[in-house]
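# Examination of the molecular architecture
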Amino acid sequence: MIEQYLGLAIKSIFVENITLAYFLGMCSFLAVSKRVETAVGLGAAVVFVLAITTPVNWLLNEFILREGALAWAGLPNMDLSFLGFISFIAVIAAMVQLVEMFIERFSDSLYNALGIFLPLIAVNCAILGASLFMVERSYTFGETVVFGTASGVGFALAIAILAAIRYKMRYSDIPPALRGLGITMLTTGLMSIAFMTFAGISL
Amino acid sequence: MLRFVSGMIGKFEPMFKDGPLKIAYPAFEAGETFFLGTHHRSTGLTHVRDHQDTKRLMITVIYALLPVLTFAMWNTGYQGFLAEGVQSPSIVSSFLRGAWAMFPMILTSYAVGGFWEALFAMLRKREIEEGFLVTGMLFPLILAPSTPLWVLAMGVSFGVVIGKEVFGGVGMNILNPALTGRAFIFFTYPSMISGSGVWDLGAKSPEFLTGGAVALADGYTGATPLLAVSSAAPGTSAVEALTQAGYSFFDLFVGVIPGSVGETSALAILMGAAVILLSGVGSWRAMSGTVIGLVGVSFLFNLLAGPENNAFMTLPPHYHLVMGGFAFGAVFMATDPVTAAITPTGKWIYGIGIGGLAALVRVVNPAYPEGMMLAILFMNMFSPLVDYYVVQGSRKRRQARLAAA
């Protein structure tokens with residue numbers, strides 16, 4: 001049991017990294033990777049939100065949306081899965097708001113450190129992606145918790161690495177046409193090649 | 001002689017400096033410093049008192065590569081003869097045949113890479129950097145001898161342009177250019193550099209070198225030691241599988257085995273390692289970290305290995321050290337001062353990470369029997385983050401010390 005969860009965690013962090021293997025969450029990955037501290041902050045926030053929203057969406061899918069889920073309410077033929085996207089998004093947005101209010105109330109310093117990135121997480125496609133993968137691969141609840149958290153860790157790792165590389169590249173003499181996003185995209189591609197180290201590992 | 005060269009260069013200099021051939025000045029400048037010592041002094045805020053410039057650094061690595069190169073030429077020819085069923089070919093004919101296969105590769109690598117270097121130097125109005133001297137030599141050495149030249153050219157182009165020049169040239173790249181090119185070929189033309197036929201030199205040897213020997217169909221199954229282990233039946237230990245395939249530890253150490261041209265001989269690579277370490281060109285921290293990482297992780301696998309696991313888990317650490325591209329990577333790639341971590345502590349972490357990952361990929365990743373290349377690329381990418389946190393850590397300690405004082 002533990003072994004299986006550990007395998008899933010390693011797989012979602014390294015082998016199928018949500019950013020470098022599926023290219024999800026690119027906008028914030030590229031935009032918020034200028035400094036290592038903010039990148040790590042955003043990474044932590046993403047881990048937090050993913051760890052909460054993926055299980056909540058699992059519950060939503062399991063007991064309301066999927067075909068036959070409403071059997072407990074006496075509606076065994078109901079199939080609400082067409083509502084998947086919109087309800088997942090709604091849950092994510094609500095959760096992000098909740099997390100934001102929670103952090104603002106209890107930890108002022110963390111709230112200030114995260115700043116605008118916290119509300120921006122609501123539109124991070126990695127978060128929605130994780131929920132959709134969870135449905136597609138029909139994970140159990142335990143697996144969903146592990147998968148959500150590990151996907152977040154994978155995103156945090158990737159963005160921290162990119163931020164450190166960009167920090168180093170500040171002193172590089174990059175051709176003018178490529179400065180900024182251009183070189184960052186190329187770096188992301190090379191990072192994906194390096195992450196291919198783990199592609200093919202079966203756990 | 002030297003006076004003649006210097007006279008000629010002096011004569012042509014105005015023509016390039018502000019004459020009609022101004023655009024080609026970087027190429028001229030590269031030629032000049034190739035023959036004559038540099039008389040340039042550093043400008044700006046840095047002042048270097050040493051003669052140890054980039055060129056000296058790079059040429060030292062080339063010297064270190066000479067034993068590997070010589071051995072590779074002989075072994076390539078020798079393996080080519082074996083693949084055709086010729087027993088015990090002479091040393092000279094093996095060497096000539098290997099050289100015949102390898103010279104075009106080295107020439108192509110230098111020509112194509114040199115073209116991109118010169119193009120970027122002209123466009124960006126810079127001097128041609130000498131870093132490519134090493135990359136251009138390393139790149140053919142990590143390929144199989146039968147790699148088509150156009151594939152090699154593609155790999156060099158990708159490695160030099162995307163791996164290095166877009167980041168601003170020598171000293172600025174994040175990933176090792178030679179390995180970037182190798183990884184590019186590996187993922188885009190997998191059939192060209194893997195499979196059991198790639199060590200067959202057939203088409204690359206003219207008749208006067210082969211002595212008229214005709215390639216025997218299936219005369220020789222050229223599985224590399226790594227393939228022999230990874231395809232071993234479950235239950236057999238790795239050493240048994242190697243013995244069955246006809247490889248002893250001594251064979252692996254000396255390197256009379258099929259493999260990527262420069263990677264087979266741990267002995268020749270050790271000679272290179274001595275040159276690199278004694279001259280201080282490569283970091284001993286990164287190198288020993290790599291060895292420690294590999295030995296540690298493979299020893300751990302040995303302890304965990306059971307009869308139902310794959311044969312790789314039972315491979316003892318000292319076999320890991322001499323097999324595949326590990327030795328070559330540890331000596332010539334992991335020590336690259338540009339792409340390794342910069343801080344001493346970072347270098348240890350970086351080295352141990354490479355060794356550990358290489359062992360891990362060999363054992364648990366069935367997709368690639370050889371993990372060294374990708375392990376180095378991965379740690380190249382990771383090293384800025386390692387450095388960042390090492391620097392943060394020492395900064396914090398320093399602040400604490402200052403506050404206490």
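Above this text you will find the structure in question.
Procedures and definitions
Residues numbered from 1 in each chain as written. Chains lettered and ligands numbered in written order. Predicted model: local features only at pLDDT ≥ 70, side-chain atom pairs only at ≥ 80, totals over all residues. Heavy atoms only, no water. Helix = DSSP H or I, 4+ residues; strand = E, 2+ residues; numbered from the N terminus. Buried < 20%, exposed > 50% of the residue type's maximum accessible area, 1.4 Å probe, protein only. Contact = heavy atoms within 4.5 Å. Areas by Shrake-Rupley, 256 points an atom, 1.4 Å probe, with all protein chains shown as cover. Lys, Arg positive; Asp, Glu negative; His and termini not counted. Charge placed at Lys NZ, Arg CZ, Asp CG, Glu CD. Buried area = accessible area lost by both parts, 1.4 Å probe. Salt bridge = Lys/Arg side-chain N within 4 Å of Asp/Glu carboxyl O. Polar contact = N/O pair within 3.5 Å; in protein donor to acceptor, adjacent residues only side chain to side chain. Phe/Tyr/Trp six-rings, centres within 6.5 Å; stacked < 30°, edge-to-face > 60°. Lys NZ or Arg CZ within 6 Å of the ring centre and 35° of its normal. Core = buried A, V, L, I, M, F, W, Y, C linked by side-chain atoms within 4.5 Å. Domains from an automatic or database assignment. Axes fitted to C-alpha atoms, helices over the stretch in contact; angles between N-to-C directions. Parallel < 35°, antiparallel > 145°, perpendicular 65-115°, else oblique. Nonpolar A, V, L, I, M, F, W, Y, C, P; charged D, E, K, R; others polar.

Scanning chain A from N- to C-terminus turns up nine helices and zero strands. Mapped in sequence order, the helices and strands of chain A form the string α-α-α-α-α-α-α-α-α. Each principal axis of the C-alpha distribution contributes one length, and for chain A these read about 65 × 45 × 35 Å. For chain A, the proportion of its 203 residues judged to be buried stands at 49%. In chain A, the proportion of contacts linking residues at least 24 apart, taken out of those at least 6 apart, comes to 74%. Carbon and sulfur atoms make up 70% of the accessible area of chain A, which totals about 9600 Å². Positive and negative side-chain charges of chain A, numbering 10 and 12 respectively, have mean locations separated by a distance of 13 Å.

The next point concerns the interface of chain B and chain A. In this complex, chain B contributes 33 residues to the contact, which on the side of chain A involves 34 residues. Both faces combined, the contact of chain B with chain A buries some 2900 Å², and carbon together with sulfur accounts for 75% of it. Looking at the side of chain B facing chain A, the largest losses of area belong to B:Phe167, B:Met381 and B:Tyr388, adding up to 21% of the total buried there. Across the contact surface, chain B and chain A share one salt bridge. Notably, a salt bridge pairs A:Asp173 with B:Arg124, separated by 3.2 Å at the nearest N-O pair. Summed over the shared surface of chain B and chain A, the number is three residue pairs in polar contact (both at pLDDT 80 or more). The element contributing the most residues to the side of chain B that touches chain A is helix α18 (residues 372–404) of chain B, with ten residues.

On to the packing of aromatic side chains. Aromatic ring pairs are defined here through the distance separating the ring centres and the angle between the ring planes. Going through the model one piece at a time under the given rule, you end up with 22 aromatic pairs over all chains. Ring centres of A:Tyr22 and A:Phe133 lie 4.7 Å apart, and the angle between their planes is 45 degrees; on these two criteria the pair is classed as tilted. Of this pair, A:Tyr22 sits in the loop between α1 (2–15) and α2 (26–31) while A:Phe133 sits in helix α7 (residues 125–136), placing them 111 residues apart in sequence. Overall, the relative accessible area of 14% leaves A:Phe133 in the buried class. Between B:Phe186 and B:Phe187 the ring centres are 5.2 Å apart and the planes differ by 80 degrees, which places this aromatic pair in the edge-to-face class. Taking the relative accessible area as the measure of exposure, B:Phe187 reaches 27% and is therefore partly exposed. Chaining the aromatic ring pairs together yields one cluster made of A:Phe14, A:Phe195, A:Phe198, B:Phe378 and B:Phe382. Positioned over the ring face of A:Phe106 is A:Arg105, at 5.1 Å from the centre of the ring. Looking at A:Arg137, its charged tip hangs above the ring of A:Phe133, at a distance of 4.5 Å from the centre.

Residue and element names in this part refer to chain A. One non-glycine residue, phenylalanine 23, lies in the positive phi region at around 55 degrees. Here phenylalanine 23 lies in the loop between α1 and α2. Overall, the relative accessible area of 43% leaves phenylalanine 23 in the partly exposed class. With a phi angle near 40 degrees, serine 138 is a residue other than glycine that sits in the positive phi range. Relative to the elements of secondary structure, serine 138 occurs in the loop between α7 and α8 (141–169).

Attention now moves to the nonpolar core. Buried together is how nonpolar side chains tend to be arranged in soluble globular proteins. Counting residues in each nonpolar core, the largest one holds 141 residues, and the members touching the most others are A:Phe29, B:Leu141, B:Phe328 and B:Phe332. In this structure, this core is formed jointly by two domains, domain 1 (53–207) and domain 2 (223–404) of chain B, each of which donates at least three residues. With residues up to four places along the chain from it excluded, the contact list for B:Phe328 reads B:Leu65, B:Val68, B:Leu138, B:Leu141, B:Ile142, B:Gly262, B:Glu263, B:Ile269 and B:Met333. Counting residues in hydrophobic clusters, the runner-up holds 17 residues, among them B:Val229, B:Ile257, B:Ala266 and B:Val363.

What follows concerns the packing of helix α3 (residues 54–83) of chain B against helix α13 (residues 266–279) of chain B. All names here are of chain B. Running from amino to carboxyl end, α3 crosses α13 at an angle of 170 degrees, the nearest separation of the two axes being 8 Å. Between α3 and α13, the angle falls in the class roughly antiparallel. Facing α3, whose interface residues are Thr60, Ala64, Pro67, Val68 and Phe71, α13 presents Ala268, Ile269, Met271, Gly272, Val275, Ile276 and Ser279. Looking at the contact of α3 with α13 residue by residue, the classes come out as nine nonpolar, three polar and no charged.

Everything listed here is a matter of coordinates, which is why it stays silent on function.
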